[in-house]
Amino acid sequence: MDLTRLAFRMMDYYAGDARRINHFIRVHGYARFIGLDEQLDSRTQDILEAAALVHDIGIKPSEEKYGHCAGPLQEREGPPVARAMLSDLGFPADVIDRVCYLVGHHHTYDQIDGPDYQILVEADFLVNIIDSQMPSENIRSVKERIFKTASGIAILDRLTA
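On a predicted model such as this, the values are computed, not experimentally measured, just so you know.

(A) The overall build of the protein, seen in detail. Looking only at helices and strands, the protein features nine helices and zero strands. Against the 2.2 N^0.38 benchmark of 15 Å for 161 residues, the protein shows a C-alpha radius of gyration of 15 Å, consistent with a compact globule. Reported as C-alpha extents along the three principal axes, the dimensions of the protein are approximately 40 × 40 × 30 Å. For the protein, buried positions account for 49% of its 161 residues. Look at the contacts in the protein between residues 6 or more apart in sequence, and 63% of them connect residues 24 or more apart. Here the protein displays about 7900 Å² of accessible surface, and carbon together with sulfur accounts for 52% of that area. Side chains of the protein give 17 positive and 25 negative charges; the mean places of these two sets differ by 2 Å.

In structure tokens:
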């Protein structure tokens, strides 16, 4: 699995859209850091990092088909595009399956079934909280409802201190 090639492929996919590229790179950075700090096994870490890079791959087809990219549309449209990209890059089938599952659920917060899923959601929230300048009362609610890892909570606390 070559995460660097995947990152560059995603940059090609979103060429000219600096905001989207910046978003997935930042989500990947937080996900990588949290996963390493939480001591994920290497396979789960690789899945997490691949998913962080492609988590929003469904935005583009959603906007093209529907004119907007609401979370449920991203979850529906993203996995087939992610599967094609990951397959083309030679990722193992079991990794592709899990990454596509995560892409297809990363806006669904009541079905989190593993540390890769939890950390992906937390990393995405960390970036979105800052980018949206979320009010402190909303941040408290998200922290209580969503954040579970010690590392994610520690980062959130530092970002919003």
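Next comes the rest of the account.
(B) Region of the structure containing helix α5 (residues 71–88). Here α5 spans 26 Å end to end across 18 residues, near enough to the 26 Å set by a 1.5 Å rise per residue. Maximal helix bending in α5 amounts to about 35°, located at Gly78; proline Pro79 follows within four positions. Among all positions of α5, only Gly71, Leu73, Gln74, Glu75, Glu77, Gly78, Pro79, Ala82, Met85 and Leu86 are buried. Packed against the buried residues of α5 are α1 (3–13), α3 (42–54), α4 (59–66) and α6 (93–103). Positive backbone phi, at 80°, marks Gly90, one or two positions downstream of α5.

(C) Here's a closer look at the nonpolar core. Counting 47 residues, the largest nonpolar core has Leu6, Met10, Val54, Ile57, Phe91, Val99 and Phe147 as its most contacted members. Of all the elements in the fold, those that place two or more residues in this core are α1, α2 (18–37), α3, α5, α6, α7 (115–131), α8 (136–145) and α9 (150–159). When residues in this core are grouped by element, the largest group, nine residues, is from α7. Those residues in contact with Val54 that sit more than four places away from it in its chain are Leu6, Met10, Ala82, Val99 and Val103.

(D) Seen up close, the environment of Leu36. Examined against the element boundaries, Leu36 turns out to sit in helix α2. C-alpha of Leu36 to C-alpha of Ser151: the two residues are 115 residues apart in sequence and 9.5 Å apart in space.

(E) Fine view of the packing of α4 against α5. Running from N to C, α4 and α5 cross one another at 115°; their axes reach a closest spacing of 7 Å. α4 and α5 meet at a crossing whose hand is right-handed. Touching Ile59, Pro61, Ser62, Lys65 and Tyr66 of α4 are Leu73, Gln74, Arg76, Glu77 and Val81, all from α5. Looking at the contact of α4 with α5 residue by residue, the class counts come to five nonpolar, two polar and three charged.

(F) Region of interest: the packing of aromatic side chains. Throughout the structure, instances matching the rule amount to three aromatic pairs. Ring geometry for Tyr101 and Tyr117: centres 6.1 Å apart, planes at 80°, overall edge-to-face. With a gap of 16 residues between them, Tyr101 in helix α6 and Tyr117 in helix α7 connect regions that are remote in the sequence. Judged by its relative accessible area of 26%, Tyr101 is partly exposed. Classification of Tyr117 by relative accessible area gives buried; the value is 0%. The aromatic ring of Tyr13 is capped on one face by Lys60, whose charged end is 4.5 Å from the ring centroid.

(G) Representation of α6. Every buried residue belonging to α6 is among Val95, Ile96, Arg98, Val99, Cys100, Leu102 and Val103, and all of these are buried. Packed against the buried residues of α6 are α3, α5 and α7.

What counts and how
Residues numbered from 1 in each chain as written. Predicted model: local features only at pLDDT ≥ 70, side-chain atom pairs only at ≥ 80, totals over all residues. Heavy atoms only, no water. Helix = DSSP H or I, 4+ residues; strand = E, 2+ residues; numbered from the N terminus. Rg over C-alpha atoms; globule rule 2.2 N^0.38 Å. Buried < 20%, exposed > 50% of the residue type's maximum accessible area, 1.4 Å probe, protein only. Contact = heavy atoms within 4.5 Å. Areas by Shrake-Rupley, 256 points an atom, 1.4 Å probe, with all protein chains shown as cover. Lys, Arg positive; Asp, Glu negative; His and termini not counted. Charge placed at Lys NZ, Arg CZ, Asp CG, Glu CD. Expected span 1.5 Å × (residues − 1). Bend = angle between axes of the 7 residues up to and from the residue. Core = buried A, V, L, I, M, F, W, Y, C linked by side-chain atoms within 4.5 Å. Axes fitted to C-alpha atoms, helices over the stretch in contact; angles between N-to-C directions. Left-handed = near helix turned anticlockwise from the far one by under 90°. Nonpolar A, V, L, I, M, F, W, Y, C, P; charged D, E, K, R; others polar. Phe/Tyr/Trp six-rings, centres within 6.5 Å; stacked < 30°, edge-to-face > 60°. Lys NZ or Arg CZ within 6 Å of the ring centre and 35° of its normal.

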